[in-house]
Amino acid sequence: MKHVLIIGSGLSGLTCAIELAENGIHSTLVSPYPSERAQSVMAAGGINAALGSDDSTSLHIEDTLKSSGNIAGREAVTGLCSAGPGIVRRLEELGVVFSRNENGDVALRAFGGQSRNRTAYAGASSGKQIMTALIREARKYECLDIINRLLGRQFHSALIEDGKCYGALLYNEKECKMETVYADAVVIASGGQNVLFGKTTGSMQCDGYVAAKLYEQGARLKNLEFIQYHPTTVETPQKRMLISEAARGEGGRLYYMDGDRRVYFMEEKYGERGNLMSRDIVSKCVYDAPSQVYLDIAFLGKKLINSRLSEVAELCSKYADIDVTKESIPVYPSVHFFMGGLAVSRDHKTSIDNLYAVGECASMYHGANRLGGNSLLAAIYSGQVAAKAICGLQESTDRPDFGEYISAQERVLEERLASKSRFSAVYVRHEIAKLLNDCLGITRNAEKLTEGIQSVDYYISISDKLIYDSDVSPYIGYSLRPMLLLARAILTSALERRETRGAHIREDYPESDSEFALCSVCDYKDGEHRISYVNEDEL
Ligand SMILES: Cc1cc2nc3c(=O)[nH]c(=O)nc-3n(C[C@H](O)[C@H](O)[C@H](O)COP(=O)(O)OP(=O)(O)OC[C@H]3O[C@@H](n4cnc5c(N)ncnc54)[C@H](O)[C@@H]3O)c2cc1C
């Protein structure tokens, strides 16, 4: 019987498992923590679907392509946007209570970079409600043993031979041991690369390691230089708390002070919808502002704030001691989303056979900049697309012997558990996060990127000697080298793209260049990171 291994149980992994189960295919869903704690639960703003009477799939496609800096694949984006209305209807059937307008239709709010109100939302907890509905649906199949969950496990590496994947090695945190799971197909659904960058708006469960390890093992990465900065976040000691774009969608205004005068700089520059320009544009304007930027939602009134922006009010009160019904919120742009990740074809297969990638860890649909609300849509759609492709795969009958590889990895783990290294892998992780934030900020230049590459190369050159801190999980130790390779690939992708496009703003190449109107792909072979450029629809 066909069996699929899914790494990650957030929105994309869960969707894929359910779609497979509906087709009678068994899957094992692996994650360190339960689905209830995945980043997808944090999404508050909503999900895009062209449901409005003044909207259409073609307008959604055009907005998505424009926002992508015209490098997302038209065919891929057409598939995504066409699926939007059906996905929202399906979520309703599963029990998601989307907010309604006065006519009783699904209410749609304005989000940045969109020509129509298109973002469906469930109060202030869209992600939570969507995940709750899917977790409940998955449970039906768990009871039938069609979906099997493995918690407390981290991905270690894929079992790959001759360009085909046969399963994966997992690290069991509690028992400090490796486990092998063979499968007819493996789906990666491990989210973004947050921890690589230190403090971001996202979950600390998503560190980028899975994509990094697969890159080391030969999988191709794509569009790594495109990192989305969200324009409105609040600094806290642990992380950057997101002030959802919904706050501006409901009418919130950005300004800075010039003496006693409020300067509504986005409206002055871009007119009435200035606060809702796409995130790359708003983040750059906030970054360029001559003094602290504030977001004002107080004038919207308590009633609207409590009904539609309650999570913004709660978050500001809890983490920043701000009463948003009376005061403006000081905001900063911060790393929020990764347009780049594992390169996939239209059916979400990576460059390795029988290995698929879905959700935020896969690079597809968003090009150089993602539209708010398109990520939840892409997580669900990609899970469905990959499941459909896997239904058509043959069962593996000719599995090679991975015994030697597995024993070697177990030996390395035992040595690491026994060792008392002085060099702190945690320290190196922090240094790399600092370096990436410094070199890959809202604006970049060749000098900084080259310096960054030199530093990362130094750490890579000594990484075999960096074992791991004996007081932290071995995971931190064995994940370090692949993470350094991923950092190197991101820096190289950013250095090679000698133009400005979407979220990639080069001080030394301030204009877009038609020569680069393509997606970048990065391959790691014989110790070299090689960049080339492709059309997304041709992958
Ligand atoms: C604060 C915030 C608000 C957002 N709001 C919106 C919004 O309103 N609308 C929208 O469209 N998008 C929004 N986004 C983006 C969106 O939430 C994500 O892109 C999307 O939920 C990603 O889903 P996913 O399934 O790819 O990953 P995730 O939900 O992040 O799930 C990843 C899974 O992989 C597991 N995992 C990670 N590493 C490993 C490993 N080594 N081994 C095994 N398992 C692993 C994790 O534990 C988790 O189960 C928001 C993001 C943030 C941070």
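Residues numbered from 1 in each chain as written. Predicted model: local features only at pLDDT ≥ 70, side-chain atom pairs only at ≥ 80, totals over all residues. Heavy atoms only, no water.

**Student:** Mind laying out the site of the ligand, listing which residues take part and the relevant values?
**Tutor:** Taken together, 39 residues are adjacent to the ligand, and S12, S40, Q205, E360 and S375 come closest. Between the ligand and Q154, the relevant distance is 3.1 Å, taken from a nitrogen atom to a side-chain nitrogen or oxygen of the residue. A distance of 2.4 Å separates an oxygen atom of the ligand from a polar side-chain atom of Q205. Notes on the ligand: free accessible area 1000 Å², of which the protein chains cover 98%. (Near = heavy atom within 4 Å. Polar contact = N/O pair within 3.5 Å; in protein donor to acceptor, adjacent residues only side chain to side chain. Areas by Shrake-Rupley, 256 points an atom, 1.4 Å probe, with all protein chains shown as cover.)

**Student:** Please provide a residue-by-residue account of the pairing of strand β24 (residues 528–534), values included.
**Tutor:** Direction of pairing for strand β23 (residues 519–525) relative to β24: antiparallel, over a ladder of 7 bridges. Paired with Y524 across the bridge in β24 is H529. In this antiparallel pair of consecutive strands, β23 and β24, the connection spans 2 residues, and D526 shows a positive phi of 50 degrees. (Pairing = 2+ DSSP bridges. Helix = DSSP H or I, 4+ residues; strand = E, 2+ residues; numbered from the N terminus.)

**Student:** Describe the side chain of S244, with residues and values.
**Tutor:** Assignment of secondary structure puts S244 in the loop between β13 (240–242) and α6 (246–249). Under the relative-accessibility criterion, S244 is labelled buried at 4%. Among residues more than four places away in sequence, those in contact with S244 are G45, F111, E311 and V312. (Buried < 20%, exposed > 50% of the residue type's maximum accessible area, 1.4 Å probe, protein only. Contact = heavy atoms within 4.5 Å.)

**Student:** Residue-level account of the environment of A247, with values.
**Tutor:** With respect to the helices, strands and loops of the structure, A247 is situated in helix α6. A relative accessible area of 0% places A247 in the buried class.

**Student:** Describe the nonpolar core, naming the residues involved and giving the relevant values.
**Tutor:** I47, I188 and L440 are the most contacted members of the largest nonpolar core, which totals 122 residues. At 13 residues, the largest contribution of residues to this core is made by helix α15 (residues 474–496). When residues no more than four places from it in sequence are discounted, the contact partners of I188 are I7, V210, L214, L342, L355, Y356, A357, V358 and C361. Ranked by size, the runner-up nonpolar core spans 29 residues in total, among them L254, V286, A289 and A313. (Core = buried A, V, L, I, M, F, W, Y, C linked by side-chain atoms within 4.5 Å.)

**Student:** Tell me about the packing of aromatic side chains, and please be specific about residues and values.
**Tutor:** Taken as a whole and assessed by the stated rule, the structure comprises 15 aromatic pairs. Both rings, one in Y166 and one in F402, keep their centres 5.8 Å apart while their planes meet at 50 degrees; by these two values the pair is tilted. Here Y166, found in strand β8 (residues 164–172), pairs with F402, found in the loop between α11 (374–391) and α12 (403–418); they are 236 residues apart in sequence, far enough to count as distant. Looking at Y166, the relative accessible area reads 6%, which means it is buried. (Phe/Tyr/Trp six-rings, centres within 6.5 Å; stacked < 30°, edge-to-face > 60°.)

**Student:** Give a detailed account of the pattern of salt bridges, specifying residues and quantitative values.
**Tutor:** This structure, assessed with the given rule, holds 39 salt bridges. The closest approach of N and O atoms between E22 and R90, which form a salt bridge, is 2.9 Å. You can see E22 sitting in helix α1 (residues 11–22) and its partner R90 sitting in helix α3 (residues 74–93), a full 68 residues away along the chain. On the basis of relative accessible area, E22 is assigned to the partly exposed category, the value being 37%. The shortest N-O distance in the salt bridge between R261 and E268 comes to 3.9 Å. E268 sits in the exposed class, given a relative accessible area of 55%. Through salt bridges with shared partners, a single network forms among E22, R90, E93, E137 and K140. (Salt bridge = Lys/Arg side-chain N within 4 Å of Asp/Glu carboxyl O.)

**Student:** Break down a negative patch on the surface for me, citing the residues and quoting the values.
**Tutor:** A surface patch of negative charge is lined by E161, D162, D401 and E404. Inspection of the secondary structure assignment puts E161 in strand β7 (residues 153–161). With relative accessibility at 35%, the residue E161 sits in the partly exposed group. (Patch = residues over 30% accessible without salt bridge, like charges linked within 9 Å, V, L, I, M, F, W, Y side chains within 5 Å. Lys, Arg positive; Asp, Glu negative; His and termini not counted. Charge placed at Lys NZ, Arg CZ, Asp CG, Glu CD.)

**Student:** Describe helix α2 (residues 57–67), and please don't skip the residues or the numbers.
**Tutor:** Among the residues making up α2, those that are buried are H60, I61, D63, T64, L65 and S67. Tucked inside the fold, the buried residues of α2 contact β3 (47–48), α3 and α11. G69, located one to two residues past α2, shows a positive phi value of around 70 degrees.

**Student:** Could you give an account of α3, naming the residues involved and the relevant values?
**Tutor:** For α3, built from 20 residues, the straight-helix expectation of 28 Å at 1.5 Å per residue is met to within 8% by its first-to-last C-alpha distance of 30 Å. Maximum bend of α3: about 40 degrees, positioned at G84, with proline P85 one to four residues after it. Along α3, the positions that sit buried rather than exposed are A76, V77, G79, L80, C81, A83, G84, P85, I87, V88 and L91. Looking at the buried positions of α3, the neighbouring elements they touch are β3, α2, α4 (126–143) and α11. Residue G95 follows α3 closely and has a positive phi angle near 115 degrees. (Expected span 1.5 Å × (residues − 1). Bend = angle between axes of the 7 residues up to and from the residue.)

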